[in-house]
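Breakdown of the fold
Below are the chains, spelled out letter by letter.
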Amino acid sequence: HIATNRSTDYHYGYTFNYWQDNDGNPIDKFTTTNEPLTIIANTTVIPYNLTIDTDNNRHGRVSITIPNKQDKINDEDGNFLGYRYGAKIRLTAYQHASCNFIGWFDEEDNFMSSVPEIEFNIYTNTFIKAKFEPQPVLLDYEYTTTRTSCTIDGVKDKTITTLVIPNVFTDIASDAFSD
């Protein structure tokens with residue numbers, strides 16, 4: 001007669017390595033006895049990756065918040081490896097000055113949401129793109145933008161002779177209008 005007392009919960013996000021006893025010794029074969037035998041599954045947690053594309057932060061940036069710090073997986077040296085299966089992740093998009101947040105898109109460029117803050121659980125390697133666009137008044141200029149400033153670096157049409165500077169610009173680079 002063999003009695004079993006096992007968990008019926010399946011643990012997603014782990015790779016099975018081998019069976020072990022209470023002392024951590026691997027068990028390669030089982031021998032039946034009249035004594036209870038405890039076996040433990042030795043597993044390794046699988047890190048899931050989150051890739052966020054922001055077009056090199058040209059028009060905005062994204063912050064990542066992980067409410068449960070234990071959902072981040074690090075190696076023995078403290079280097080980040082990924083997130084645990086089911087980890088809750090919060091992404092917040094911040095648009096730069098004179099730019100607009102368009103929305104979140106998946107790997108196939110399918111629209112997901114236009115809300116700047118989204119929250120989800122990660123169950124696989126995940127790719128998300130935050131799309132931003134410059135305000136239309138910027139399109140005639142070469143410019144640099146940050147969260148708080150927008151600088152004219154030049155004009156795209158070098159033949160123009162008269163220019164009205166839109167008030168969205170906070171600065172003009174010293175060589176913006178030189179050839």
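Summarised in this report is the structure supplied together with it. Everything quoted here is computed from the prediction, not taken from an experiment.

Leu50, Ile89, Leu91 and Trp104 are the most contacted members of the largest nonpolar core, which totals 17 residues. Counting only elements with at least two residues in this core, the list comes to β8 (87-95), β9 (99-105), β11 (117-122) and β12 (126-134). In terms of residue count, the dominant contributor to this core is β8 (4 residues). Not counting the four nearest positions on each side in its chain, leucine 91 is found in contact with Leu50, Ile52, Val62, Ser63, Ile64, Trp104, Pro116, Glu117, Ile118, Phe120 and Ile128.

Let us look at the sheet that holds strand β14 (residues 150-155). Spatial strand order, β13-β14-β15: 3 strands in an open sheet with mixed pairing. Where the open sheet ends on each side, the last strands, each with one partner, are β13 (141-145) and β15 (171-172). Two strands pair when backbone bridges link them, and β13 and β14 are joined in this way by 5 bridges, in the antiparallel orientation. Paired with threonine 145 across the strands is cysteine 150, a residue of β14.

Let us look at the packing of aromatic side chains. Summed over all chains, the structure comprises 9 aromatic pairs. Centre to centre, the rings of phenylalanine 80 and tyrosine 83 are 5.0 Å apart; their planes meet at 65 degrees, and the pair counts as edge-to-face. A relative accessible area of 42% places phenylalanine 80 in the partly exposed class. Here a set of aromatic residues connected by ring pairs shows up, and it is made of Tyr12, Tyr48, Tyr85 and Tyr123.

Cut-off values and rules
- Residues numbered from 1 in each chain as written.
- Predicted model: local features only at pLDDT ≥ 70, side-chain atom pairs only at ≥ 80, totals over all residues.
- Heavy atoms only, no water.
- Core = buried A, V, L, I, M, F, W, Y, C linked by side-chain atoms within 4.5 Å.
- Buried < 20%, exposed > 50% of the residue type's maximum accessible area, 1.4 Å probe, protein only.
- Helix = DSSP H or I, 4+ residues; strand = E, 2+ residues; numbered from the N terminus.
- Contact = heavy atoms within 4.5 Å.
- Pairing = 2+ DSSP bridges.
- Phe/Tyr/Trp six-rings, centres within 6.5 Å; stacked < 30°, edge-to-face > 60°.

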